[in-house]
Amino acid sequence: MPTVRWPWIVPVLCAVAVVVGVVLTAGVEHADTDYLVLDAIVGLTYPLTGALIVTARPRHPVGWLFCLGGAGLALQALAGGYAAFGEAHGWPGILAAGWLTNWVFLTGFGSLLLLPLYLPDGRLPSRRWRLPAGLMIAALAVLHVVLMLRDHIWVWGVERPNPVGLIATDPYVSTAFAVVVTVLGIGGAAALATRLRRDLRRLLPVFAAVVTLAAAVVADSLLAAAPQIGVVLLSVALPLVPVATAVSIFRYRLFDIEVLLRRTVVYTLLTGLLLAVYLGVVATAHALVASTETLVATAVVAVAFAPLRAALQKAVGRWLFGHRGDPVTALNQLGVRLEAAADPTRLLDDAAETVASTLRLPWVAVVSADGVTVSETGRRVGGAVQLPLTASGHHEGELRAAPRSPGEPLSRADLAVLTDLARHLAVALAAARLAREVRESRADLVKAREEERRRLRRDLHDGLGPGLAAIGIGLYLIEAASPGEEVKNVRELTQTLVADVRRIVQGLRPPALDELGLAGALEDLALDAIGPEVTVTVSELPELSAAVEVAAYRIVQEALANALKHAQAGRIDISATAEGGQLTVTVTDDGCGLPDPLVEGVGSGSMRDRAAELGGTLSRTSTNGTTVKAVLPL
């Protein structure tokens, strides 16, 4: 998007309007300039931020709202100064200028009340906010008309009748103003709260500035007897809003002040909130007790607020930095997550997320000793600390954690909590490694056993079996040529040995697998099925180990037998596919489904055991029939 320069005309014109208005008002005696000071502050600072945003992002509504807000209050300063100075010098149009002064400020003030709806990305929080936003804008438009038609106009402490006045200022206009401003304030706070849940880090500067401004407003209202103090507080707080907004929009790393913001935001929040509450309580106590007792009441309030301040500081610190000040809670949370993992090999699935949420870190990863990331959460930006994970003197891996912001290293408290967490993670990583090694060893043993069985079957089938059969034939010929009881007994013994060898060969491994392969063996099972229609779909399979072939065949054989016996199905589908280093076999029927409650029998247990022996999984689901699915690693 091309950069535009002309929006900088807005802050220039606003500055001229403010300067002219201030100069004209300075020539008027006994003018009430409290509002003029605020007009000047906003008129000079807010358009600058608006122009900065609009220059970089012309379609961002927040920039235009800042420009409009500053322009409205700058125009009030100019119109008020012209009306006040022109009345003393007989200038024309002073009534029109005074009339303009009484409602144009709302153009600026109301625009600023709409800011929370569009922070920080320039869009409403959701589509559901379209109607509330439209109603808020309509309420501002109506209030503009009401202010235009109020019965009196006020210019820097001087009131006069409004030539077009139709509505009494008290109570109608003042009530309408209070209601609309309150509704817009509540709506903006709700929108900001909605954003905070999704974009907390980015909106922290705005939230801190808004709280500070709110505290200044409360202080101004409570210090009515000393208006200069309230004006000073507002003058300091008002510029914080555009600065914080620009920081949030440009993802405050652009200004390289994130570390400062993150270190001061807690104190800003605490100071603003407690100042507002403290002043309110003190003002109430001053109104209820005698002046001689005010000092005592103030001391009591201060002492009572000490626990509140500590509790609030702890709550906000936990909100920003997690449980780094409470390592016991952090360890308990991690322990609960680890205990919830039923499968030892999946102990660390949520470990990184637990560590990240415990300390409010943007990125955490647990990496095994062989460099495999076993658990990760968030997005890494910048560098990261690396803590070794060691259990029983064995290096298990590393815990890697990114700081909350680039340029802000983790504190000693953060590193201390991470070190404690690393000890537990190292034990969990070791347990997961040992469980994985046991499972892999078991799978290797099963594969070796089945390969040995295949070799024995081949040797017996191709070597010993034919040899014994040949001996039997020779003995038969000898017996035919020279009958005798001893030869007959030897021949019958040989036939018995041949039958035993044949039985052993068939028990070692399903013959169909060696004769037809897995695809042919599954089709052979389907041909033997009596009753429902059985279809077999097998994709092109790679060369399979003996263990995988036997496990797949036996699982399908058992599932098919269960379907034929219990499902009352009209159709059974068998499929086998190899993809991603895994063989997936499924047996699906359209029968009555699984019983409720489901009790696993011997056959179902054997299927699960065969899959588990190879490190695979087996599941049974019931939706419009029953599906048995086994996933076996190749």
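Predicted model, so just to flag it, every value in this text is computed and none were measured. (Residues numbered from 1 in each chain as written. Predicted model: local features only at pLDDT ≥ 70, side-chain atom pairs only at ≥ 80, totals over all residues. Heavy atoms only, no water.)

## Here we look at the pairing of strand 7 (residues 533–538)
Line of reasoning, step 1. Here strand 7 pairs with strand 8 (residues 571–579) via 6 bridges, running parallel. Paired with Thr537 across the strands is Ser575, a residue of strand 8.
Line of reasoning, step 2. In this region the chain leaves strand 7, passes through helix 18 (residues 546–567) and returns to the parallel neighbour strand 8; the handedness of that crossover is left-handed. (Pairing = 2+ DSSP bridges. Helix = DSSP H or I, 4+ residues; strand = E, 2+ residues; numbered from the N terminus. Right-handed = clockwise from strand over helix to strand, strands pointing away.)

## Re a nonpolar patch on the surface
Line of reasoning, step 1. Together, Trp6, Ile9, Leu13 and Trp64 make up an exposed nonpolar region whose accessible area comes to about 450 Å².
Line of reasoning, step 2. Turning to its location among the elements, Ile9 is positioned in helix 1 (residues 9–26). (Patch = residues over 30% accessible without salt bridge, like charges linked within 9 Å, V, L, I, M, F, W, Y side chains within 5 Å. Areas by Shrake-Rupley, 256 points an atom, 1.4 Å probe, with all protein chains shown as cover. Salt bridge = Lys/Arg side-chain N within 4 Å of Asp/Glu carboxyl O.)

## Some words on the nonpolar core
Line of reasoning, step 1. Ranked by size, the top nonpolar core spans 43 residues in total, and within it Tyr46, Val62, Phe66 and Leu117 carry the most contacts.
Line of reasoning, step 2. The residues contacting Tyr46, other than those within four sequence positions of it, are Phe66, Gly70, Leu112, Leu238, Val241 and Pro242.
Line of reasoning, step 3. The next biggest cluster of nonpolar side chains, apart from the first, holds 37 residues, and it includes Leu518, Ala521, Leu522 and Leu618. (Core = buried A, V, L, I, M, F, W, Y, C linked by side-chain atoms within 4.5 Å. Buried < 20%, exposed > 50% of the residue type's maximum accessible area, 1.4 Å probe, protein only. Contact = heavy atoms within 4.5 Å.)

## A look at the state of the cysteines
Line of reasoning, step 1. Inspection of every chain in the model, using the stated rule, returns 0 disulfides.
Line of reasoning, step 2. Cys14 takes part in no disulfide bond, and the closest cysteine sulfur, belonging to Cys67, lies 7.5 Å away. (Disulfide = S-S within 2.5 Å.)

## Overview of the sheet that holds strand 6 (residues 394–401)
Line of reasoning, step 1. On the basis of which strands lie adjacent, the open sheet formed by 4 strands has the order 4-3-6-5 and antiparallel pairing. Each having just a single partner strand, strand 4 (373–378) and strand 5 (385–391) make up the two edges of the open sheet. Shown here is a sheet whose adjacent strand axes are inclined to one another by a mean of 15 degrees, direction ignored.
Line of reasoning, step 2. Examined bridge by bridge, strand 5 and strand 6 share 7 bridges and lie antiparallel to one another. Residue pairing in the sheet places Ala391 in a bridge with His394 of strand 6. (Axes fitted to C-alpha atoms, helices over the stretch in contact; angles between N-to-C directions.)

It is worth stressing that arrangement in space is one thing and function is another; only the former is reported here.
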